[in-house]
Amino acid sequence: MKKLLLVLSSLVVTSSASTIAVSCSTKAEKQNIDSIERFLTIILHSKENDQEPWTNDELEAELVNQKVDEAGGISVKASDEIEEGTITNKQQSIVFTGNGTSKNGYKYTGSITLIYNFGGNKPAPKKKISQQELATTITALQSFLDTIYFKSENAVISTFVPNANIPGTPAEGLVFKTVTVTILGSTQPTDPSIPKLTKFEISGTIGIKNNDDGYYEFEDEVTEEDKKFTCQGTIVDAVIIEDTVITEAIKSINDWIKNEKFSDYNDFHDKLLTQQKEILANEQIAIDSITDSGITENETNIDSIYWTNQVSVNLKPNVGYEFSKEVIESEQYKIKTEIEILKIQSNPLKWHVLTSKGNKYIEPQFIQFDKNVNTTSKIQKEYLSNQQITNEWNQDNDKLQQKEFVKSLNIFTGDDKDKKISESVNSYYFTNTTAFNYGSDASESLFKVDEVLFFDKTQENLNNNIESVLGQTKSIDEFVASSNALTRTTIENTQNTSYYAVFLTKNSNGTYKAANRTLNVLLQEIAVVD
């Protein structure tokens, strides 16, 4: 209360002081009492006994005590009628009237009516549970039992007990009020590889969880009949899957992979999931998950048009079957293998396209490679190096070689072009780049990039078009006509657009030879000011 007094005093005094300053040589101007509504509300709700209403005398005395005004300055009329509050159990209407006139020194005029909330907070309204929510809960319970199989009668009995949560998607607050489990009978197959199935029935009533009846209640139209349920489920005596089954599955998957070529990882993923029944040819197991473990470089496969992609395939037992202890402990169900893919989908190489005076400079020397170990970017760089398509900038003086390269592009002019070139080679777009054989001695073993074919990723027959050019030797016109590819002179969209790219090197007879693999690149424009 003392703290409140200090706050209100300072605020009211400040307000009065400002009034006096304005009035100067005239009488102090009166304020309308609604200007201190906030202060009055604070005082109302600072009552020490918040279970009782205010009386007129008690509140008027508190206003004087808090120095809102002097005695008689504010009259209070507190209602004797106590109503039910909206957020509290009780509320009281109170009228404050300022008695200030030109003939007295009271501060306030006018009147304001405020509500005093007291008697403690009202409990939150109970959530009503409808007939439809009950029906939906029972339907969801049966759907759950249709898809989940229990391993034993004890597991069933321990799951379905009074006051237990209802499996499936029950309405909030609902549990089993009463529940009975009845074993209906079982089928014993003659084939030992087929699991034994036992049907059971659960019946009872649905209710509100113990101690939650203060938060939930059924709507008035809900009857005891609406709360009753009867559902059926299945107990499965699982058949143990031995390691020989897993061994055969691994062989089947690898045999299938050897006979397939995939356009990309997603192509492999989708085909394996779709064809798993035919590939595995065993009702006991299925594919649980497939994971892309990344691109690797296989030196024995360097001349192939396909990238090597490591993948992981995890198996799972079908309903009614379990892996043996040995299979689980050895993680034999986790298969690591590799596939061959035509295109890399993830993490495109960032390729900066310099723009100046309406010209575009789409040079492979502006491709940035990630230095981190075992990344897709690093693997693509290794491939380009192994194929002698690129090499590092001159280790003795890389900046000098980069300056010569930029100078050869004729981007910068003027007396200060050397300064501009120096600034250019120190820019971020030269970070983690390679020379792509710029300045290297002429050699037939080197693959100098003289042209690039870009493939729009949305074009029809994309895979066939890319595959038709890899490793081939043709004229530029023949490459473009047969594959619908774009070249550095015909490509238009070079801002934040991803393409598949194939490098071409020019032969002495004017034809071009294509590299044997395609790269995933992302073109990004950088404006260069001359």
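Everything below is about the structure shown above.
Residues numbered from 1 in each chain as written. Predicted model: local features only at pLDDT ≥ 70, side-chain atom pairs only at ≥ 80, totals over all residues. Heavy atoms only, no water.

Draft legend 1. Quick look at the overall build of the protein. Summing up its helical and strand segments, the protein has 13 helices and 24 strands in all. Over its C-alpha atoms, taken along the principal directions, the protein stretches across nearly 110 × 95 × 40 Å. Of all intrachain contacts in the protein linking residues separated by at least 6 positions in sequence, the fraction that spans at least 24 positions is 70%. Surface summary for the protein: the accessible area is close to 28500 Å², and the carbon and sulfur share equals 48%. Here the protein contributes 51 positively and 76 negatively charged side chains, and the mean placements of these two sets differ by 6 Å. (Helix = DSSP H or I, 4+ residues; strand = E, 2+ residues; numbered from the N terminus. Contact = heavy atoms within 4.5 Å. Areas by Shrake-Rupley, 256 points an atom, 1.4 Å probe, with all protein chains shown as cover. Lys, Arg positive; Asp, Glu negative; His and termini not counted. Charge placed at Lys NZ, Arg CZ, Asp CG, Glu CD.)

Draft legend 2. Broad picture of the sheet that holds strand 7 (residues 149-150). Strand order in the open sheet made by the 4 strands is 7-11-9-8, with mixed pairing throughout. Every interior strand has two partners, whereas the edge strands, strand 7 and strand 8 (174-187), have only one. As paired strands, strand 8 and strand 9 (residues 196-208) are joined by 12 bridges and run antiparallel to one another. Bridged to G185 within strand 9 is K199. (Pairing = 2+ DSSP bridges.)

Draft legend 3. Up close: the environment of K420. Mapped onto the secondary structure, K420 falls in helix 11 (residues 417-425). For K420, a relative accessible area of 16% translates into the label buried. Along the chain, K420 and V529 lie 109 residues apart, while their C-alpha atoms are 9.0 Å from each other. Beyond its immediate sequence surroundings of up to four residues, K420 is in contact with F412, T413 and D530. (Buried < 20%, exposed > 50% of the residue type's maximum accessible area, 1.4 Å probe, protein only.)

Draft legend 4. Main features of the packing of aromatic side chains. Per the stated rule, a full pass over the model turns up 25 aromatic pairs. Judged by centre distance (6.3 Å) and plane angle (50°), the rings of Y265 and F268 are tilted. In this pair, Y265 and F268 both sit in helix 7 (residues 265-280), 3 residues apart, roughly one turn of the helix. Each member of the pair, Y265 together with F268, is buried. One aromatic cluster is present, formed by F366, W393, F405, Y428, Y429, F430 and Y438 through successive ring pairs. Above the face of the Y500 ring, K457 is positioned so that its terminal group lies 4.6 Å from the ring centre. It is R517 that lies over the ring of W307; its NZ or CZ is 4.8 Å from the centre. (Phe/Tyr/Trp six-rings, centres within 6.5 Å; stacked < 30°, edge-to-face > 60°. Lys NZ or Arg CZ within 6 Å of the ring centre and 35° of its normal.)

Draft legend 5. The arrangement of helix 7 in detail. Bending of helix 7 peaks at approximately 55° at the position of T274. Within helix 7 the residues assigned to the buried category are Y265, D267, F268, L272, Q276, I279 and L280. Those residues of helix 7 hidden inside the fold are in contact with helix 6 (243-258), strand 13 (285-296), strand 14 (307-317) and strand 16 (334-341). Between the side-chain oxygen of the N-cap and the backbone nitrogen of N266 there are 3.2 Å, and the N-cap of helix 7 in question is D264. (Bend = angle between axes of the 7 residues up to and from the residue. Polar contact = N/O pair within 3.5 Å; in protein donor to acceptor, adjacent residues only side chain to side chain.)

Draft legend 6. Region of interest: the packing of helix 10 (residues 398-409) against helix 11. Following both chains from N to C, one finds helix 10 and helix 11 inclined at 120°, their axes separated by 9 Å at the closest point. Judged by the angle between their axes, helix 10 and helix 11 are oblique. Crossing handedness for the pair helix 10 and helix 11: right-handed. Contacts from K399, Q402, K403, V406 and K407 of helix 10 reach helix 11 at I421, S422, S424 and V425. Its residues placed into classes, the contact of helix 10 with helix 11 shows 3 nonpolar, 3 polar and 3 charged. (Axes fitted to C-alpha atoms, helices over the stretch in contact; angles between N-to-C directions. Parallel < 35°, antiparallel > 145°, perpendicular 65-115°, else oblique. Left-handed = near helix turned anticlockwise from the far one by under 90°. Nonpolar A, V, L, I, M, F, W, Y, C, P; charged D, E, K, R; others polar.)

Draft legend 7. Summary view of the nonpolar core. By size, the foremost hydrophobic cluster in this structure holds 70 residues, and its most contacted members are F268, L315, W351, F454 and F503. For this core, the leading source of residues is helix 6, giving 6 residues. With residues near it in sequence (within four places) discarded, L315 still touches I246, A249, I253, L280, I285, A286, I287, D288, F323, Y333 and I335. (Core = buried A, V, L, I, M, F, W, Y, C linked by side-chain atoms within 4.5 Å.)

Draft legend 8. Local environment of the sheet that holds strand 16. Spatially, the 3 strands line up as an open sheet ordered 13-14-16, and their pairing is antiparallel. Lying at the two open borders of the sheet, with one neighbouring strand each, are strand 13 and strand 16. Averaged over neighbouring strand pairs, the angle between their axes works out to 30° when direction is ignored. When strand 14 meets strand 16, the two strands line up antiparallel, connected through 8 bridges. Its bridge partner being in strand 16, V313 is matched across the sheet by I335. Across the face of the sheet, helix 6 comes into contact with strand 13, strand 14 and strand 16 while running at roughly 5° to strand 16.

Draft legend 9. Just the environment of Y333, in detail. Inspection of the secondary structure puts Y333 in the loop between helix 8 (325-330) and strand 16. In sequence terms Y333 and T300 are 33 residues apart; their C-alpha atoms lie 28 Å from each other. Other than its neighbours up to four places away in sequence, Y333 contacts I246, V313, N314, L315, F323, V327 and I328.

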